[in-house]
Amino acid sequence: MNFTNFGKYILLLKAVFRKPEKTKIYMKAVFQQMDFIGVGSLGLISIIATFIGAVMTLQIAFQLVSDFIPKTVIGSVTRDSSILELSPTISAIVLAGKIGSAISSEIGTMRVTEQIDALEIMGINSPGYLILPKILAGITMVPLLVIFAMVLSITGGYIGGTLSGAVSPAEYIQGITTDFNPYTITVSLVKAFVFGFIITSVPAYEGFYVKGGALEVAQASTRAVVVSCIAILACDYIVTQLLL
Amino acid sequence: MIEIKDIHKSFGENHVLKGISGKFEAGVTNLIIGGSGSGKTTLLKCMIGLHHPETGSVEYDGREFTQMSFEERIEIRKEIGMLFQGSALFDSMTVEENIMFPLNMFTEQPRSEKLDRVNFCLDRVNLEGKNKLFPAELSGGMKKRVGIARAIAMNPKYLFCDEPNSGLDPKTSIVIDELIKELTEEYNTTTIVVTHDMNSVMGIGDYIMFLHEGKKFWEGSNKEIAHTDIQELNDFVFASRFMKAAKEKF
């Protein structure tokens, strides 16, 4: 995203946060988007989080082969990595692919078929009507999905670790309950909030300014996912630097 | 009445509109005609605020539109109905929801009243009972008629139609044209139709503005258009063999 695009993105956000024409209609759209973003992504997040937790436990067990390191460390490293990094970041990148491309294609198609022009002509603030519900749904549902991913990732670690014999159930549970710092949850939820904003607003921007036809909508969709992923990783670094 | 004065619009180096002025009266069907790339759709978009002209003004019954704030424009736009070339119906909504959408956004009427209005509009365009269909289930002509029903849902003072006949068979085109003319006369709306369909020109053109290479070349009625000596206009109107033969007989 160059400076011109960044400026257009900020101006679009300014239009998005104008006073809604009718709050009731916007709220209905927010709930629809919460269902699409939140409930619609539960299956995917469950599978990814569980397998990532399991694989991470096996890799930690493989790398920490030493008589000087207790096996309970496997549980605590899995816990902290899941909460601080893997659950928010991997979930966000996966959601950027699933939700970001859908948002960009939906709004882009509306643009090229003149549906956005139709909204404008009716006197409706089209950025607000189309994008605000998606952003509100994103910043509420992505943190909830991340909490869900944390639980499943740690559970996945337990299943993977114990089934393979890399760690005993007692050692793993002792590991995940020892020296737990609740602040890590706060950091993770701040990341999830920021990622939820990026996952919805960046693809909406890419779709909103599409010009052309089907090919350009597809290109915008690809660009939306790529830019969102880069923005997620950059913001991940910034939030981690600021909060840890 | 809508009055435009000295409208100029460029896209980069391409100077599309070169100082167009004109008056579009209420209660008559005003047509903007011209070949592809002559600037008619650009002019329409400048008039409704989808494009911003570099110079010139657009007045809606004396209210200057181009200099208005966002909030003031919204008030004018509530008085505008528009039929788009591709109908621009919202894919995710049924016919009923499409027509009810502006009513939901801008009125506090109870649902039963809004539903009555939707049924009235559908009846007006001969689509009664099609409430629950989605746009994907409609033919091209039906989509145009739903587009008109949505455009008139708020009782607009100004009705804009961008190529209402494109992609339609001749019989359906005539139905759409007659519907536009009927609505214009019945509700005394200021109607502006952008078209290059000669049947529309001859059938409903009470006032016609001919654009050529971004300039207004001619204006008059459908009765006058057959008797003009302007070469560019004759080349456009009588381009087909059928129209040439009709002119010779006329």
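Residues numbered from 1 in each chain as written. Chains lettered and ligands numbered in written order. Predicted model: local features only at pLDDT ≥ 70, side-chain atom pairs only at ≥ 80, totals over all residues.

(A) Examining the overall build of chain B more closely. Per the secondary structure count, chain B includes nine helices and 10 strands. Here chain B has a C-alpha radius of gyration of 18 Å; the compact-globule value for 250 residues is 18 Å, and the two agree. Its C-alpha atoms give chain B principal-axis dimensions of about 55 × 45 × 30 Å. Per-residue burial for chain B yields a buried fraction of 40% across its 250 residues. Of the contacts made within chain B by residues no fewer than 6 positions apart, 65% connect residues no fewer than 24 positions apart. (Helix = DSSP H or I, 4+ residues; strand = E, 2+ residues; numbered from the N terminus. Rg over C-alpha atoms; globule rule 2.2 N^0.38 Å. Buried ≥ 20, exposed ≤ 12 C-beta atoms within 10 Å, placed from the backbone. Contact = placed C-beta atoms within 7 Å.)

(B) Broad picture of the packing of helix 4 (residues 72–112) of chain A against helix 8 (residues 183–208) of chain A. All names here are of chain A. Put simply, helix 4 and helix 8 touch, their axes get as near as 7 Å, and they point 15 degrees apart. With respect to helix 8, the axis of helix 4 lies roughly parallel. For the pair helix 4 and helix 8, the sense of crossing is right-handed. Class assignment for the residues of the contact of helix 4 with helix 8 results in 18 nonpolar, nine polar and five charged. (Axes fitted to C-alpha atoms, helices over the stretch in contact; angles between N-to-C directions. Parallel < 35°, antiparallel > 145°, perpendicular 65-115°, else oblique. Left-handed = near helix turned anticlockwise from the far one by under 90°. Nonpolar A, V, L, I, M, F, W, Y, C, P; charged D, E, K, R; others polar.)

(C) View of the interface of chain A and chain B. Of the residues lining the interface, 13 residues belong to chain A; the matching set on chain B comes to 14 residues. Considering only residue class, the side of chain A that touches chain B consists of five nonpolar, three polar and five charged.

(D) Representation of the pairing of strand 8 (residues 190–195) of chain B in the model. Residue and element names in this part refer to chain B. Buried residues dominate strand 8, accounting for six of its six residues. The alternating pattern of strand 8 places Thr-190, Ile-192 and Val-194 and Thr-191, Val-193 and Thr-195 on opposite faces, both of which are buried. Where strand 3 (residues 29–34) lies against strand 8, five bridges are found, and the strand directions are parallel. Each residue of the ladder has a partner; that of Leu-31, found in strand 8, is Val-193. Note that the unit made of strand 7 (residues 158–162), helix 6 (residues 170–187) and strand 8 has a crossover that is right-handed. (Pairing = 2+ DSSP bridges. Right-handed = clockwise from strand over helix to strand, strands pointing away.)

(E) Spotlight on unusual backbone geometry. Its identity as a non-glycine residue notwithstanding, Glu-114 of chain A has a phi of 65 degrees, on the positive side. Of note, Glu-114 of chain A is situated in the loop between helix 4 and helix 5 (115–121). Judged by local crowding, Glu-114 of chain A falls into the buried class, with 20 C-beta atoms found within 10 Å. Of note, Glu-163 of chain B is a non-glycine position whose phi angle comes to about 45 degrees, a positive value. Along the chain, Glu-163 of chain B turns up in the loop between strand 7 and helix 6. Using a count of 21 C-beta atoms within 10 Å as the deciding quantity, one classes Glu-163 of chain B as buried.

(F) Layout of the environment of Ala-61 of chain A. Residues and elements named next belong to chain A. Topologically, Ala-61 is positioned in helix 3 (residues 42–63). What makes Ala-61 buried here is the crowd of 22 C-beta atoms within 10 Å. In contact with Ala-61, not counting residues within four places along its chain, are Ile-74, Gly-161, Ala-166 and Val-167.

(G) The arrangement of the nonpolar core in detail. Ranked by internal contacts, the top residues of the largest apolar core, which has 125 residues, are Val-142 of chain A together with Ile-32, Leu-43, Met-82, Ala-149 and Phe-160 of chain B. Looking at which element gives the most residues to this core, the answer is helix 6 (residues 126–164) of chain A, with 16 residues. Ignoring sequence-local partners within four residues, the contact set of Phe-160 of chain B consists of Leu-44, Ile-48, Ile-80, Met-82 and Ile-192 of chain B. (Core = buried A, V, L, I, M, F, W, Y, C linked by C-beta atoms within 7 Å.)

(H) Structural detail: the packing of helix 2 (residues 23–37) of chain A against helix 6 of chain A. All names here are of chain A. Contact geometry for helix 2 and helix 6: axes closest at 8 Å, N-to-C directions at 50 degrees. By the angle between their axes, helix 2 is oblique relative to helix 6. Here helix 2 runs over helix 6; the crossing is right-handed. Mapping the contact onto sequence places Tyr-26, Ala-29, Val-30, Gln-33, Met-34 and Ile-37 in helix 2 and Leu-132, Pro-133, Lys-134, Leu-136, Ala-137, Gly-138, Thr-140 and Met-141 in helix 6. The residue inventory of the contact of helix 2 with helix 6, partitioned by class, reads 10 nonpolar, three polar and one charged.

(I) Structural view of the pairing of strand 10 (residues 215–220) of chain B. All names here are of chain B. Where strand 9 (residues 207–212) lies against strand 10, five bridges are found, and the strand directions are antiparallel. Across the sheet, Ile-208 pairs through a bridge with Gly-220, a residue of strand 10. What sits between strand 9 and strand 10 in their antiparallel hairpin is a turn of two residues, with Glu-213 showing a positive phi close to 50 degrees.

(J) Spatial organisation of the sheet that holds strand 4 (residues 55–60) of chain B. Residue and element names in this part refer to chain B. The strand order 2-1-4-5 describes an open sheet built from four strands, whose pairing is antiparallel. Of all the strands in the sheet, just strand 2 (14–24) and strand 5 (63–64) have a single pairing partner and so form its edges. Sheet strands touched by helix 1 (residues 40–48): strand 1 (2–11), strand 2 and strand 4. Its angle to strand 1, the strand with the most contacts, is close to 115 degrees.

(K) Representation of the sheet that holds strand 8 of chain B within the structure. All names here are of chain B. Taking strand neighbours across the sheet as the criterion, the six strands line up as 6-7-8-3-9-10 in an open arrangement whose pairing is mixed. The open sheet has two free edges, formed respectively by strand 6 (80–83) and strand 10, since each of these has just one partner strand. Direction aside, neighbouring strands of the sheet carry axes that sit 20 degrees apart on average. In this sheet, strand 9 lies alongside strand 3 in parallel orientation, the contact comprising five bridges. Looking at the pairing, Ile-33 lines up with Phe-210 of strand 9. Lying over the sheet, helix 1 contacts strand 3, strand 6, strand 7, strand 8 and strand 9, oriented at roughly 135 degrees with respect to strand 3. Along the sheet, helix 5 (residues 140–152) contacts strand 6 and strand 7; its crossing angle with strand 6, the most-contacted strand, is approximately 175 degrees.

(L) Seen up close, helix 1 of chain B. Burial within helix 1 of chain B is extensive, with seven of its nine residues counted as buried. Once helix 1 of chain B ends, the next one or two residues include Gly-49 of chain B, with phi positive near 90 degrees.

(M) Just the environment of Lys-143 of chain B, in detail. Residues and elements named next belong to chain B. Tracing the backbone through its elements, the reader meets Lys-143 in helix 5. Lys-143 sits 113 residues away from Asn-30 along the chain, and the two C-alpha atoms are 23 Å apart. When sequence neighbours within four positions are dropped, the list of residues in contact with Lys-143 reads Ser-87, Leu-89, Pro-135 and Leu-138.

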